[in-house]
Structures are given as C-alpha cells and as structure tokens.
Amino acid sequence: MSDAALDAYWRFFETFNTRDAYTFSTAMSYPHVRVSWAREPVVLADQEAHALSVGWDAFIRSGWDHTVGADPEVIGSSVAKAHIAGGWTRYTVSDEPILTNKVCYIVTRVEGKWGIQSRFGTDPGNDGVEQTESESVSALDHVSGFLQAIASKDGSTDRFISDEFFVIGVGAVRRVKRGEDLLMEGMHDPQLRVIQSGPSSITVCALEHGHEALIYAVRQENEWKIKAGSWL
C-alpha cells in the first residue's frame, strides 16, 4: 500500500507544476484539509472547491517556475491510509531555490484512488530551525498527556486542543470542539517521535501496541495546542 501512497505523493507535485487548478485538484482526496501553524485549517469539500481555491500568480511573481518534492519517508500505513513525511522546494526557471518547507501528508484511498487528504505544514522558510530540546520535551509531554486523557475517558482533553480539533479520516474529516467527545482511541504509554518541527509547530508520531497516531500541535501564546490528528 505504501507504494501507491508514494505515487500519490509524487503526483501531488507533478500536477501542481502543470499550473492547472483542475489537474492539481485530481491529486487530492476529499474533503481535503490544509492545516497550518499560521491560520485556521482550510476544509475543501470536493474537487471543484479545491480548484477554485488555488492559483499560481503569487508564486510566479516571486520568481517561481517549478516545485520539487523532498524525498519522502513513510511513517506508517494501512490498507487505506498512509502518513508520509516530506516537503518541497520552490525553484526559479534557472533552478535557483526560492523557499523550502517541511510537510507531513496524510494520503488516503477513497473509491479506489489514492490522494492527499490532508497536509500538516511546518513553519516555512525557517532555514532548518527546529524546537529546542526543552521545547520538544514540552511538546511531547503535551501530546502524551492528550493521548492519555483520551484513553482515560474522563473528558479532560479540552486543555490540550485548540478551539477546534480536526480528526483526519479516510474520505472524511471531523471537527471536534472543546467539550465534545473525541471518540478516538487513546494511548496509555505511547512511544513518541518528533517527525518535523519549526519555531511554531511540531508533528509527532505516537505508537502503542501497533496503533499509530500522527499529531500536529502549534504554539499559541507560549502554550502548545493540538490542532489535528490522524490515526492508523
């Protein structure tokens, strides 16, 4: 399954470079969600909505000619979903780099077709700056506490999440507000690994007894808040 998911990852960049909104939109699964440290998540219901949301004018004004995907790492996969750590670099026509960014992609198989369901974006243009060791420890403690709170089923997850938490499924996205039941599988003692991080965000992989979660958290007023997650 990971080979098909990787094909979808590379198709994302191939179609983006066509500069055709409808061609690019065929590389997604829907509803499609872009999750960022800088703004609220964008949810696009279908291919038409996605095509109407994209454009290349700003990229071209910056000198952009094409984008090249980073070598991907499949963090985990199932029969219908894969978590892939990757990213991209934008280049000029003379292959001069403009901007590089790290992104985690949730790739899903919907109606027999693999596509990008969601993107967890790291701070762009950070020139490799990551969380300090103490900040990473704080973030990992926050993610661990969040997963343990779900497992305890005591309703104490509100302090861990943003105003809305997005659960990325296969061909589905669920918004969960504070005070609502997450209805997700928690973990009592997860093994945690930082996948990508920047000054304002972190993506963490959590493992326990063969179950995997990919959790995306951002710093808000010097506190960590979890914005999205995907479970395998």
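You'll find the structure just up there.
Residues numbered from 1 in each chain as written. Predicted model: local features only at pLDDT ≥ 70, side-chain atom pairs only at ≥ 80, totals over all residues. Heavy atoms only, no water.

### Focus: helix 1 (residues 2-16)
In an α-helix, one full turn covers 3.6 residues, which means residues spaced three or four apart are oriented alike. For clarity, the cut-off: The way it works is that DSSP assigns letters per residue, a run of H or I at least four long becomes a helix, a run of E at least two long becomes a strand, and they are numbered from the N terminus. What a helix is expected to span follows from its residue count: subtract one and scale by 1.5 Å. Exposed residues in this analysis have more than 50% of their type's maximum accessible area, buried residues have under 20%, and partly exposed residues fall in between, with area computed by a 1.4 Å probe over protein chains only.
The terminal C-alpha atoms of helix 1, which comprises 15 residues, lie 21 Å apart, in line with the 21 Å expected from a rise of 1.5 Å per residue. For helix 1, every residue scored as buried is listed here: Ala5, Ala8, Tyr9, Phe12, Phe13, Thr15 and Phe16.

### Examining the side chain of His66
Rules: Between N or O atoms, a polar contact is any pair within 3.5 Å; within protein, one atom must be a potential hydrogen donor and the other a potential acceptor, and residues adjacent in sequence are included only when both atoms are from side chains. Here a residue-residue contact requires only that any non-hydrogen atoms of the pair lie within 4.5 Å.
As for its position among the elements, His66 is in strand 3 (residues 66-69). With a relative accessible area of 18%, His66 lands in the buried category. Side-chain polar atoms of His66 contact the side chain of Asp65, separated by 2.9 Å. In terms of polar contacts, His66 uses its side chain to reach the side chain of Asp95, at 3.0 Å. Setting aside its immediate chain neighbours within four residues, His66 contacts Asn17, Thr89, Arg90, Tyr91, Thr92 and Asp95.

### Some thoughts on the nonpolar core
In summary, soluble globular proteins display a tendency toward joint burial of nonpolar side chains. What counts is decided by this rule: Only buried residues count toward a nonpolar core. Its members are Ala, Val, Leu, Ile, Met, Phe, Trp, Tyr and Cys residues joined through side-chain atoms within 4.5 Å.
Among the nonpolar cores identified, the biggest contains 23 residues, and Phe146, Leu147, Phe165, Ile226 and Trp231 are the most heavily contacted of them. When contributions to this core are tallied by element, the ones reaching two or more residues are helix 5 (133-152), strand 8 (161-168), strand 11 (201-208), strand 12 (211-220) and strand 13 (223-231). Residue contributions to this core peak at six residues, all from helix 5. Not counting residues up to four positions away in its chain, the partners in contact with Trp231 are Lys81, His83, Phe146, Leu147, Ile150, Phe165, Val167, Met184, Glu185, Glu212, Ala213 and Ile215. Within the second largest apolar cluster, 22 residues are counted, among which are Phe24, Val107, Trp114 and Ile116.

### Description of the packing of aromatic side chains
Cut-off, in case you're wondering: Within 6.5 Å between ring centres, the rings of Phe, Tyr and Trp (the latter by its six-membered ring) count as paired, and their orientation is classed by plane angle as stacked under 30 degrees, edge-to-face over 60, tilted in between. Geometrically, a charge over a ring is one whose NZ (Lys) or CZ (Arg) sits within 6 Å of the ring centre while staying within 35 degrees of the ring normal.
Tallying each qualifying case throughout the model produces 18 aromatic pairs. On the numbers, 5.1 Å between centres and 80 degrees between planes, the contact of Tyr9 with Phe13 is edge-to-face. Of the two residues, Tyr9 and Phe13 are both situated in helix 1; the distance of four residues between them amounts to about one turn of the helix. Like Tyr9, the residue Phe13 is buried in the burial classification. Geometrically, the ring pair formed by Phe16 and Phe59 is edge-to-face, given 5.5 Å between the ring centres and 75 degrees between the ring planes. A residue pair is termed long-range when its members are at least 10 positions apart, and Phe16 in helix 1 and Phe59 in helix 4 (residues 57-61) qualify at 43 residues. Grouping residues by exposure puts Phe16 and Phe59 together as buried. The cationic tip of Arg219 hangs over the ring face of Trp224; the distance from NZ or CZ to the ring centre is 5.4 Å.

### Points about the pairing of strand 13
Each regular strand shows side chains that alternate between the opposite faces of the sheet. Note the cut-off: Any two strands are treated as partners once DSSP identifies two or more bridges connecting them.
Here strand 13 lies mainly inside the structure; eight of its nine residues are buried. Bridge analysis of strand 8 against strand 13 gives four bridges, and the strand direction is parallel. Bridging across to strand 13, Val167 finds its partner in Gly229. Judged from the eight bridges that link them, strand 12 and strand 13 form a sheet pairing that is antiparallel. If you follow Val218 over to strand 13, its bridge partner there is Lys225.

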